[in-house]
Amino acid sequence: MSDFERVAAAASAVAPPLLEVTDLEMHFPKHEGVFVRREVARVRAVNGVSFTLRPGETLGLVGESGCGKSTLARAVLQLHRPTGGSVRFKGQELTRLSGEALRHVRRDLQMIFQDPYASLDPRWTIGQIVAEPLLNFGRPSRDELRARVRALMLTVGLDPDWVERYPHEFSGGQRQRIGVARALALEPQVIFCDEPVSALDVSIQAQIINLLEELQQRLQLAYVFIAHDLAVVRHLSHRIAIMYLGRIVETAGRDAIVERTRHPYARALLSAVPIPDPKLERTRERVLLEGNLPSPTEAREGCDFASRCPLRKTIGASDAERCLRERPPLVPAKDDANHLVACHHVS
Amino acid sequence: MTTPAPSPAAAAGAPGQGPALAPVLAVDDLHVRFRTDDGHVHAVNGVTFEVRPGESLALVGESGCGKSVTSMTILRLLPSPPTEVPKGTIRYRGDDLLRLSNRQMRRVRGGKVAMIFQDPMTSLNPFLRVGRQLTEAIELHLGLRGAAARARAVEALREVGIPGPETRVDAYPHELSGGMRQRVMIAMALVTGPDLLIADEPTTALDVTIQAQILDLMRRLQRERGMSMILITHDLAVVAGMCTRVVVMYAGRIVEEAPVDDLFDDPRHPYTLALLESVPRLDAALGRRLRPIEGLPPKLTEPPVGCSFAPRCRFVLDRCRTETPWLEPDADGRLRACFVPLRRGRPLAPAGGPAGAGPAAEGAGGST
């Protein structure tokens, strides 16, 4: 365990979790038929995901397209109503809340989106965009509102004199700062960041990553950081969860998961990430996966990864058969209680 | 495309080191601009590089640096009214591509020089079966027809690792996954046996495990065929695993050119250094802050005066704002367009060099 992880573990031992997600399930029915619409299939986007998040902590959620990471975020925030499981925020069950009560909880749970071009209304000024959440929750006076908006813009590194400008006058990185200012307006405790830097050039990406780090330290924010770029996720997260087909297959401290990867899918994923070092790249071994992601509409009894698993060739026939029959639960590894893996053959 | 004014013997540029074989492609002092209502956008401003037989060269830079415009100009794929090429030559095996007739150009394009793009869905025709799109190139460039052309198409699909090519040849693009579509595009590009492949962000839209498969495929095919490749990308990590030589672009100019190991080991241009410092690495021992590049790239509506990177450069000197640094060898023979002698991330102590603004603050105590 690195120093970094020790500090994180010590901190998490004291603070009670802010967010507790248990067995969360988000299935979407697929209908067919013109006159009589009947359900023909279910897209099992999220299949029993559990995690906790503590104040000031960042949980990285990674996985490839279609693994359910964005849907998971939306289900936790009740933007999609989950079809099963529980989401507790400071002890309160969110899945049963609705209307005004839910609206109130959402002040504490905000979101930043990937595309800074699509998530800002082009006809609103920056001032209006940042002020909107404040007006939704309260009746600030004109002066209070002005002061608050200016303060928020300063916080995210924008010139407060730009309040009258429109989104198209800003670059991608500046627009993402506006998105961050809007998310901060109600002083939330948790921010879900869904691919917040993926659309940005690398030199600008670093500016936003540093901003998120600074804000976390200053405001004790907790983040759920969703991204496909594992290097960025490792840089920002305290803990990382790797998803495959709607389930978490491995979760651990950020160093442990990269340096002592256990799940065969996680190994393949990490080995595929290129590293900007030509000498290292020439000697690295890659685990190339075969085939494609299985369909999320199929219900399986066994392990979702079994059909593509590189271990299949090395384990015996009876073990391989077990993978198809019995789903491996996400359980702590024998030698590290903080390292959870869902595989019959590693731990 | 406009025919450029004949530019006689513009051989003043400094080509790569080493004698080597005759280059497959030689781009010399290329300028590309777009006419807009607000005046000209100077997208490429004097770019010179060459591609040697069998090598893979990376063109690296961020959005708007001119890397894609350069590659599109090589194949003359940009529409002519807004696009102008006021200066420069692009020699492919000796012929200046900018002066070929459209008819001659069609034979080069997709024949001996092929290109693949980021998004296969925009390059594949959604109304045509995969096989038909392949046989089109086979008929045009290889002169095969009917069953022979189809057999060649199936073979091409097999070569790029598409399972069940005999049936997939009849699939429509939408029936394939993103990785499979990119394989089809590679098959289309390679079926005519090109000796130069231009790949423009070929894996940017793909998931990382699929990216690994496609890069592996490209590496294998390039080696087997002894083909040259230009890989255009923003991703330095991809470059590290794929290329032998790297050209770094910023604001329409080349700022550094180096063998891949040298570039990553000891970048000689402040922009290259800044790029490497701004990306997090999966394998890095962390805890360090990333070092972003402050500010934004320049607008390209004015022809640049001085170094385009000067406003964002932490080593900037007074002369950087008025004089343009050209791509030249430094004391070690490394090519870079910069007045600051950079070694291992720090400027060399100015040994009786020009007085005045010395290399900015932080390099101060540093030696090599």
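Computed from a prediction, not measured in an experiment: that's the story for all the values here.

Observations concerning the overall build of chain A
1) Next: Each helix and strand in chain A was counted, giving 12 helices and 12 strands.
2) Next: Its C-alpha atoms give chain A a radius of gyration of 22 Å, near enough to 20 Å, the size a compact globule of 347 residues would have.
3) Next: With the C-alpha coordinates of chain A rotated into their principal frame, the extents come out at 70 × 60 × 40 Å.
4) Next: Counting across all 347 residues of chain A, residues that qualify as buried make up 43%.
5) Next: Excluding contacts between residues fewer than 6 apart, the proportion of contacts in chain A whose partners are at least 24 apart in sequence is 65%.

Some words on the overall build of chain B
1) Next: Within chain B, the regular secondary structure consists of 11 helices and 14 strands.
2) Next: Burial status across chain B gives 47% buried among its 368 residues.
3) Next: For chain B, the proportion of contacts with a sequence separation of at least 24, taken over those separated by at least 6, is 64%.

Describing helix 7 (residues 202-219) of chain A
1) Next: With 18 residues, helix 7 of chain A should reach 26 Å at 1.5 Å per residue; the first-to-last C-alpha distance of 26 Å fits that figure.
2) Next: Of all the residues in helix 7 of chain A, the buried ones are A:Val202, A:Ser203, A:Ile204, A:Gln205, A:Ala206, A:Gln207, A:Ile208, A:Ile209 and A:Leu212.
3) Next: For helix 7 of chain A, the elements touching its buried residues are helix 6 (172-184), strand 7 (190-194), strand 8 (222-226) and helix 8 (230-236) of chain A together with helix 11 (270-278) of chain B.
4) Next: Looking one or two residues past helix 7 of chain A, A:Gln220 carries a phi angle of roughly 55°, positive in sign.

Regarding the environment of B:Pro280
1) Next: Tracing the backbone through its elements, the reader meets B:Pro280 in the loop between helix 11 and strand 11 (328-329).
2) Next: Under the C-beta neighbour-count criterion, B:Pro280 is labelled buried, with 21 such atoms within 10 Å.
3) Next: Between the alpha carbons of B:Pro280 and B:Arg291 there is a distance of 9.6 Å; along the sequence they are 11 residues apart.
4) Next: Residues within four places of B:Pro280 in sequence aside, it is in contact with A:Ala231, A:Val232, A:Arg234, A:His235 and B:Leu290.

Quick notes on helix 6 of chain A
1) Next: Spanning 13 residues, helix 6 of chain A covers 19 Å between terminal C-alpha atoms, matching the ideal 18 Å at 1.5 Å per step.
2) Next: In this fold, the buried residues of helix 6 of chain A make contact with strand 6 (109-112), helix 4 (126-136), helix 5 (142-155), strand 7 and helix 7 of chain A.

Here's the deal with the pairing of strand 7 (residues 196-200) of chain B
Residue and element names in this part refer to chain B.
1) Next: For strand 7, the tally of buried residues reaches 4 of 5 residues, placing the bulk of the element in the interior.
2) Next: Bridge analysis of strand 6 (residues 113-116) against strand 7 gives 4 bridges, and the strand direction is parallel. Paired with Val113 across the strands is Leu196, a residue of strand 7.
3) Next: Both strand 7 and strand 8 (residues 228-233) contribute to a ladder of 5 bridges, which runs parallel.

Some details on the interface of chain A and chain B
1) Next: Taken together, the contact between chain A and chain B spans 33 residues of the former and 36 residues of the latter.
2) Next: Mapped onto the side of chain A that touches chain B, the elements with two or more residues apiece are helix 7, helix 8, helix 10 (264-272) and helix 11 (278-283) of chain A.
3) Next: Among the elements that line the side of chain A that touches chain B, the one with the most residues is helix 7 of chain A, at 6 residues.
4) Next: Residue classes in the side of chain A that touches chain B are distributed as 18 nonpolar, 8 polar and 7 charged.

Concerning the sheet that holds strand 2 (residues 39-51) of chain B
Residues and elements named next belong to chain B.
1) Next: Pairing within the open sheet is antiparallel, and its 4 strands lie in the order 2-1-4-5. Both edges of this open sheet fall to strand 2 and strand 5 (95-96), since each of them pairs with a single strand only.
2) Next: Relative to strand 2, strand 1 (residues 25-36) runs antiparallel, the two being bridged by 10 bridges. Among the inter-strand pairings, Arg35 is bridged to a residue of strand 2, identified as His40.

Some words on unusual backbone geometry
1) Next: One non-glycine residue with positive phi stands out, namely A:Gln78, at about 65°.
2) Next: You can see A:Gln78 is positioned in the loop between helix 2 (69-76) and strand 4 (84-89).
3) Next: Phi at B:Ala251 takes a positive value of approximately 50°, unusual for a residue other than glycine.
4) Next: Within the fold, B:Ala251 resides in the loop between strand 9 (245-250) and strand 10 (253-259).
5) Next: Exposure remark for B:Ala251: the 23 C-beta atoms within 10 Å place this residue in the buried category.

Some words on the confidence of the model for chain B
Residue and element names in this part refer to chain B.
1) Next: With 89% of its residues at a pLDDT of 70 or more, chain B has an overall mean of 85.
2) Next: A low-confidence stretch, residues 1-19 stays under pLDDT 50, and its non-local contacts, those more than four residues away or across chains, total 31 contacts.
3) Next: Taken as a whole, residues 352-368 scores under 50 in pLDDT and shows 21 contacts with residues more than four places along the chain or in a different chain.
4) Next: Predicted complex, confidence summary: ipTM 0.85, pTM 0.85.

So, the sheet that holds strand 11 (residues 331-333) of chain A
Residues and elements named next belong to chain A.
1) Next: With respect to topology, 8 strands assemble into an open sheet ordered 6-7-8-3-9-10-12-11, the strand pairing being mixed. On the outer flanks of this sheet lie strand 6 and strand 11, each paired with one strand and no other. Averaged over all pairs of adjacent strands, the angle between their axes in this sheet comes to 25°, without regard to strand direction.
2) Next: By the bridge criterion, 2 bridges tie strand 10 (residues 247-253) to strand 12 (residues 336-341) in an arrangement that is antiparallel. Residue pairing in the sheet places Thr251 in a bridge with Leu340 of strand 12.

Here's the deal with the pairing of strand 4 of chain A
Residues and elements named next belong to chain A.
1) Next: For strand 1 (residues 19-32) and strand 4, the ladder comprises 5 bridges, and the chain directions are antiparallel. For Thr22, the partnering residue across the bridge sits in strand 4 and is Ser86.
2) Next: Inspection of the sheet shows strand 4 paired to strand 5 (residues 92-93) by 2 bridges, in the antiparallel sense. Looking across to strand 5, one finds that Arg88 is bridged to Glu93.
3) Next: The turn joining strand 4 and strand 5, which pair antiparallel and follow one another in sequence, is formed by 2 residues; a positive phi near 45° is taken by Lys90.

Focus on the nonpolar core
1) Next: By size, the foremost hydrophobic cluster in this structure holds 204 residues, and its most contacted members are A:Val130, A:Ala181, B:Ala187, B:Val239, B:Val246 and B:Val247.
2) Next: Per-element accounting of this core gives the leading share, 8 residues, to helix 7 (residues 178-190) of chain B.
3) Next: With residues near it in sequence (within four places) discarded, B:Val246 still touches B:Ala58, B:Val60, B:Val239, B:Glu257, B:Ala258, B:Val260 and B:Leu263.

What about the packing of helix 4 (residues 130-142) of chain B against helix 7 of chain B?
Residue and element names in this part refer to chain B.
1) Next: It is the contact of helix 4 with helix 7, at a shortest axis distance of 9 Å, that shows an interaxial angle of 20°. The angle between helix 4 and helix 7 places the two elements in the roughly parallel class. The crossing of helix 4 and helix 7 is right-handed. Residues Val130, Gln133, Leu134 and Ala137 of helix 4 form the contact with helix 7, whose own contacting residues are Val184, Ala187 and Met188.

Here we look at the packing of helix 4 of chain B against helix 5 (residues 146-159) of chain B
Residues and elements named next belong to chain B.
1) Next: Two elements in contact, helix 4 and helix 5, have axes separated by 9 Å at closest approach and are oriented at 115°. The angle between helix 4 and helix 5 falls in the class roughly perpendicular. Where helix 4 crosses over helix 5, the two elements pack in a sense that is right-handed. Along its contact with helix 4, which presents Gly131, Leu134, Thr135, Ile138 and Glu139, the element helix 5 presents Ala149, Arg150, Arg152, Ala153 and Ala156.
2) Next: Among the residues making up the contact of helix 4 with helix 5, the classes are represented as 5 nonpolar, 2 polar and 3 charged.

Looking at the environment of B:Thr192
All names here are of chain B.
1) Next: With respect to the secondary-structure elements, Thr192 resides in the loop between helix 7 and strand 7.
2) Next: Placed 36 residues apart in sequence, Thr192 and Ala156 show a C-alpha to C-alpha distance of 9.7 Å.
3) Next: Dropping the residues within four chain positions of it, Thr192 is found in contact with Gly110, Gly111, Ala114, Ala137, His141 and Leu142.

Calculation rules
Residues numbered from 1 in each chain as written. Chains lettered and ligands numbered in written order. Predicted model: local features only at pLDDT ≥ 70, side-chain atom pairs only at ≥ 80, totals over all residues. Helix = DSSP H or I, 4+ residues; strand = E, 2+ residues; numbered from the N terminus. Rg over C-alpha atoms; globule rule 2.2 N^0.38 Å. Buried ≥ 20, exposed ≤ 12 C-beta atoms within 10 Å, placed from the backbone. Contact = placed C-beta atoms within 7 Å. Expected span 1.5 Å × (residues − 1). Pairing = 2+ DSSP bridges. Nonpolar A, V, L, I, M, F, W, Y, C, P; charged D, E, K, R; others polar. pLDDT = per-residue confidence, 0-100. Axes fitted to C-alpha atoms, helices over the stretch in contact; angles between N-to-C directions. Core = buried A, V, L, I, M, F, W, Y, C linked by C-beta atoms within 7 Å. Parallel < 35°, antiparallel > 145°, perpendicular 65-115°, else oblique. Left-handed = near helix turned anticlockwise from the far one by under 90°.

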